[in-house]
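Coordinate analysis (summary)
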Amino acid sequence: MSPDLLADLNDEQRAAVTHGDGPQLVLAGAGSGKTRVITYRVAWLVRARGVDPGAIVAVTFTNKAAGEMRDRVERLLATWPLPTFVGTFHRYALKLLRRYGDRLELPRDFAILDGEDQRSILTRAMADEGVPEASFPPRSLAAAISTAKNQLIGPERYAAEAHGYYPERVARVFRRYQALCRQAAGIDFDDMLVLAVRLLVEHPEIGDRLRRGVEHLLVDEFQDTNHAQLRLVAELAAPSGNLTAVGDEDQGIYRWRGADLANILDFEGHFPGATVRKLERNYRSTSTILDAANAVVAHNRLRRGKRLWTDAGRGERIALYRAADDQDEARWVAESVGRLRARFALADLAVLVRTNAQTRAFEDEFFRAGIPYSLVGGVRFYERAEIKDLIAYLRVLRNPRDDFSLLRILNQPPRGIGKTTVAQLVERAAAAGGVVWDALELGPLDSFPPRARTALTAFRDLVRDLRRAASELPLPALLDELLARTGYAGLFRREDDEDLGRLENIQEFLSAAQEFTEARAFGGDDEDLLTAFLDHVALVTDLDRWDGERGLSLMTLHSAKGLEFSGVFLPGLEEGLLPHFNAHGRPEDVEEERRLFYVGMTRARERLHLSTARRRRIAGRYQDQLASPLLAEVPEELLEITESPTLYRDERARAIDQYFGRGRAAEAPEPEPAGRRPKRGARVRHPTLGPGVILELEGEGDDTKITIFFDRAGKKKLIARYAALELV
Ligand code: ATP
Ligand code: MG
């Protein structure tokens, strides 16, 4: 046995690492060394106890956490042989299925169905069973099926237990869905665990072999296990009972995926005779950060309860910034990052957000400020498929001869232009030595079959119309028009979580365009706005290729579990974001949001920055925001609060917004008195079109359509909201 290994541990950690046979649970708060216990125990088993590394299985939840665990184990084992498995639950299950799947009549080369595949199979299953989407939202059906699978309930049992109109139909769709998956030789994510459990339970000879092969099983983040995972663990650990589970009930954040806190809260019930250990010393954070996190999570009822202490010292107070709006918040974060850079490496800083759409404001701001960043576990905002589609549209509107973009949107959303038609079009363009748009524009399209011809003509007219709109409308209005005319947003369903995320991204793209337009209104550059916006987008996207130091991490709270950073930013602490709308009214869900907040805070070693915005743009329009009630649970003496200097100016300017263009009024140093509304005959000035006179007003407030005769640009119709007009 190597003494240096155990010297790195405190007494409780050492007891857990050197635990003899039988199950044990290490239940402890954030940063107390739970993951350290797992990695050291693996190393200790191999180095001190001579356990065959091939007989050790260590599992956790995310790929990132698994990667980190593997690195730590490798470092501790140095030249010793490594365990055969350190990875995620799903990867382990998949490994079993690839080896023994034939026992479950799985084809050798079965595919793993992604979200997209699953959705289309579900839609077909519903159609086959005559279950209408109107009264059975596919999203709740998918959730019902997933929940059943996580409970290890198959279609037969589901059907047997289903009584009543709704459940009986769900049961039919479930059965059909499973059959269609099989037909497609595919399994979904939930199936992986279900099938692995079935393999162990229904095939004793394989079960025995596998169980004998696993002498020691170690599980990190046990609080996030669902029923299927619990069964898998129980089955594998059965005869020896050599299970080491570590977890923290205050960090359970996967309830929405069927995780069950009861698994950890009632560990001794599931694994009789288990030793339960606690670790109470936190090695990660300052006492200020720890006290704040403890105070917040103490409001939860569903917990065993524990206190953490540290001798790391008080450290600095937690910064709380009250921002005027989301842009102001991003600016503050970038400024603070600039200051922290003097003390910490960028890679040691993280911005953690609740929803994916929130990353956009930061990506733009970091670009402006020259701060390299990496988006962990996600796709950069401007590289998400729906955003790339919209960018492709804009590029085509600027220049329809952009073949690459044109081909991307030609049949997106689907408008009856099939693969053959596209191929013919491309061929024809090539033969004429031109681009696809020429083939469309110059025609003739007579040689296409009537349906394709109609579709192509309609597309050509659409692009022509939108190009005309592009020359008349400001960018945000153009995007509205584009969405309306193409029906693009109709591709996504409100009943589907992933689709909702896409719709939020589209709204966020509208906000970006609005923001950019307003900023340019003061810039005075007279390069065309659409081109400038597309250039901006292209440059932000290119940030990835920057050389030099590794960037700061930008990621969701969910993917930050288990990680640690010297400085952490938690923006968007507002009602509706954290706690998220989805949690509304349900106490268990609010508790989960509180755990997310706890997870976020406890990622920080030294500096924690919180922020909340007074208003936030949703789809380009400002919405008032309320500070998160969770924020009130942080003891005030731990906070250092600063306010945006423009917080109140914006309040005043807001009243004016209804009459004049939004950002224009908000930024004006001396706002116009609210009494003056634009009238017919009034002289106005537009930031890019210059001076003119109002000819006509239609409608009310923000949506007023204003026809103006500009001295230079001639007659134009604008929408008040976007026009940023100034009365002269
Ligand atoms: P989380 O709940 O966030 O997953 P955790 O309980 O798994 O946290 P670890 O990540 O294992 O905690 O440890 C937190 C930090 O404290 C790490 O940087 C780790 O190296 C350090 N640490 C843990 N135990 C000790 C120790 N005995 N001596 C020195 N440092 C320690
Ligand atoms: Mg951990």
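All of these numbers come straight from a predicted model, not from anything done at the bench.

1. A short note on unusual backbone geometry
For residues besides glycine, phi is generally negative; the peptide bonds are generally trans as well. A cis amide bond, omega 0 degrees, links Gln412 with the succeeding residue Pro413. Positionally, Pro413 belongs in the loop between helix 19 (403-409) and helix 20 (419-431). Residues Leu578 and Pro579 are joined by a peptide bond in cis, for which omega reads 5 degrees. Its location among the elements puts Pro579 in the loop between strand 13 (565-570) and helix 26 (587-601). At Glu105, a position not held by glycine, the phi torsion is positive, near 60 degrees. Within the secondary structure, Glu105 sits in the loop between helix 5 (89-100) and strand 4 (111-112). Of the residues examined, Glu105 reaches a relative accessible area of 62% and is grouped as exposed.

2. Re the nonpolar core
Ranked by internal contacts, the top residues of the largest apolar core, which has 50 residues, are Leu394, Phe459 and Phe509. Sorting the residues of this core by element identifies helix 18 (385-398), helix 19, helix 20, helix 21 (436-442), helix 22 (450-472), helix 23 (475-486), helix 24 (497-523) and helix 25 (529-542) as the ones contributing at least two each.

3. Focus on the packing of aromatic side chains
Under the counting rule described, the total for this entry stands at 16 aromatic pairs. Seen in terms of ring centroids, Phe222 and Phe267 are 5.4 Å apart; in terms of plane orientation they differ by 80 degrees. Their pairing is edge-to-face. You can see Phe222 sitting in the loop between strand 6 (216-219) and helix 12 (227-237) and its partner Phe267 sitting in helix 14 (residues 267-270), a full 45 residues away along the chain. The pair Phe222 / Phe267 is uniform in exposure class, with both members buried. The structure contains a cluster of three or more aromatic residues connected by ring pairs, namely Phe136, Tyr165 and Tyr166. A cation over an aromatic ring shows up here: Lys561 above the ring of Phe61, its NZ or CZ 5.0 Å from the ring centre.

4. Considering the site of ligand 1
Surrounding ligand 1, one finds 19 residues, the nearest of these being Lys34, Thr35, Gln251, Glu564 and Arg603. Between ligand 1 and Gln251, the relevant distance is 2.8 Å, taken from an oxygen atom to a side-chain nitrogen or oxygen of the residue. Relative to its free-state accessible area of 630 Å², ligand 1 is covered by the protein chains to the extent of 85%. In terms of residues, the shell around ligand 1 owes the most to one element, helix 3 (residues 34-47), which gives three residues. When the residues that make up the shell around ligand 1 are grouped by side-chain class, the tally is three nonpolar, nine polar and seven charged. If you count residues domain by domain, the shell around ligand 1 takes at least three from each of domain 1 (3-99 + 193-279) and domain 3 (287-379 + 547-659).

5. As for the side chain of Asp499
Its location among the elements puts Asp499 in helix 24. Its relative accessible area of 4% is what places Asp499 among the buried residues. Those residues in contact with Asp499 that sit more than four places away from it in its chain are Arg119, Leu491, Phe492 and Arg493.

6. So, the domain arrangement of the chain
Each assigned domain of the chain is listed here: domain 1 (3-99 + 193-279), domain 2 (114-183), domain 3 (287-379 + 547-659), domain 4 (381-539) and domain 5 (674-727). Summarising the inter-unit geometry, the C-alpha centres of domain 2 and domain 4 are found 36 Å apart. Taken together, the contacts link eight residues of domain 2 with nine residues of domain 4. Summing both partners gives a buried area of about 650 Å² for domain 2 against domain 4, and 38% of it is carried by carbon and sulfur. Of all residues in domain 2, the largest losses of buried area upon contact with domain 4 belong to Arg119, Pro138 and Arg139, amounting jointly to 75% of the total for that side. Across the contact surface, domain 2 and domain 4 share one salt bridge. Between Glu133 and Arg493 there is a salt bridge; the shortest N-O distance is 3.8 Å.

7. Some remarks on the pairing of strand 12 (residues 552-556)
A large share of strand 12 lies buried, amounting to five of its five residues. By the alternation rule, side chains of strand 12 split into Leu552, Leu554 and Thr556 and Ser553 and Met555, which are all buried. By the bridge criterion, four bridges tie strand 10 (residues 349-353) to strand 12 in an arrangement that is parallel. When the sheet's bridge partners are listed, Val351 is paired in strand 12 with Leu554.

8. A word on helix 10 (residues 189-202)
In a regular helix each residue adds 1.5 Å, so 14 residues correspond to 20 Å; helix 10 covers 20 Å between its end C-alpha atoms and thus fits that length. Helix 10 sits mainly inside the fold: ten of its 14 residues count as buried. Every buried residue of helix 10 is listed here: Asp190, Asp191, Met192, Leu193, Val194, Leu195, Ala196, Val197, Leu199 and Leu200. Of the residues flanking the start of helix 10, the one acting as N-cap is Asp188, its side-chain oxygen 3.1 Å from the backbone nitrogen of Asp190.

9. Some details on the sheet that holds strand 3 (residues 85-88)
Spatial ordering of the open sheet is given by 3-2-6-7-1-8, a layout of six strands whose pairing is parallel. Each of the sheet's edge strands pairs with one partner strand only, and the pair in question is strand 3 and strand 8 (275-279). Averaged over all adjacent pairs, the angle separating strand axes in this sheet is 15 degrees, with direction ignored. Note: strand 1 (residues 24-28) against strand 7 (residues 243-247), four bridges, orientation parallel. In the sheet register, Leu27 faces strand 7, and the bridge partner there is Gly247. This element, helix 3, spans strand 1, strand 2 (56-60), strand 6, strand 7 and strand 8 of the sheet and lies at about 165 degrees to strand 6. The strands touched by helix 4 (residues 63-77) are strand 2 and strand 3; relative to strand 3, the strand with the most contacts, the crossing angle is about 160 degrees.

10. As for the pattern of salt bridges
Side-chain pairs of opposite charge can arise whenever the charged atoms involved come near each other. With the rule as written, the count across this model stands at 52 salt bridges. The salt bridge partner of Arg157 is Glu161, with a shortest N-O separation of 2.9 Å. One end of the pair, Arg157, and the other, Glu161, are both in helix 8 (residues 155-161), four residues apart, so they sit about a helical turn from each other. Judged by its relative accessible area of 48%, Glu161 is partly exposed. Between Glu329 and Arg616 there is a salt bridge, with its nearest N and O atoms 3.1 Å apart. Linking Glu329 in helix 16 (residues 326-340) with Arg616 in strand 14 (residues 604-618), this pair joins segments that are 287 residues apart in sequence. You can call Arg616 buried: its relative accessible area is 9%. Here the salt bridges share partners, and the residues they tie into one network are Asp248, Glu249, Asp250, Arg303 and Lys306.

11. Points about the packing of helix 5 against helix 12
For the pair helix 5 and helix 12, the least separation of the axes is 12 Å and the interaxial angle reads 60 degrees. By the criterion of interaxial angle, the relationship of helix 5 to helix 12 is oblique. Of the two possible hands of crossing, helix 5 and helix 12 adopt the one that is left-handed. Judged by residue contacts, Phe89, His90 and Tyr92 of helix 5 engage Gln229, Leu232, Val233 and Leu236 from helix 12. Residues of the contact of helix 5 with helix 12, tallied by class, amount to five nonpolar, two polar and no charged.

12. What about the side chain of Gln251?
Mapped onto the secondary structure, Gln251 falls in the loop between strand 7 and helix 13 (262-265). Those residues in contact with Gln251 that sit more than four places away from it in its chain are Gly29, Ala30, Lys34, Gln223, Asp224, Lys561, Arg595, Tyr598, Val599 and Arg603.

Definitions and limits used
Residues numbered from 1 in each chain as written. Chains lettered and ligands numbered in written order. Predicted model: local features only at pLDDT ≥ 70, side-chain atom pairs only at ≥ 80, totals over all residues. Heavy atoms only, no water. Helix = DSSP H or I, 4+ residues; strand = E, 2+ residues; numbered from the N terminus. Buried < 20%, exposed > 50% of the residue type's maximum accessible area, 1.4 Å probe, protein only. Core = buried A, V, L, I, M, F, W, Y, C linked by side-chain atoms within 4.5 Å. Phe/Tyr/Trp six-rings, centres within 6.5 Å; stacked < 30°, edge-to-face > 60°. Lys NZ or Arg CZ within 6 Å of the ring centre and 35° of its normal. Near = heavy atom within 4 Å. Polar contact = N/O pair within 3.5 Å; in protein donor to acceptor, adjacent residues only side chain to side chain. Areas by Shrake-Rupley, 256 points an atom, 1.4 Å probe, with all protein chains shown as cover. Nonpolar A, V, L, I, M, F, W, Y, C, P; charged D, E, K, R; others polar. Domains from an automatic or database assignment. Contact = heavy atoms within 4.5 Å. Buried area = accessible area lost by both parts, 1.4 Å probe. Salt bridge = Lys/Arg side-chain N within 4 Å of Asp/Glu carboxyl O. Pairing = 2+ DSSP bridges. Expected span 1.5 Å × (residues − 1). Axes fitted to C-alpha atoms, helices over the stretch in contact; angles between N-to-C directions. Parallel < 35°, antiparallel > 145°, perpendicular 65-115°, else oblique. Left-handed = near helix turned anticlockwise from the far one by under 90°.

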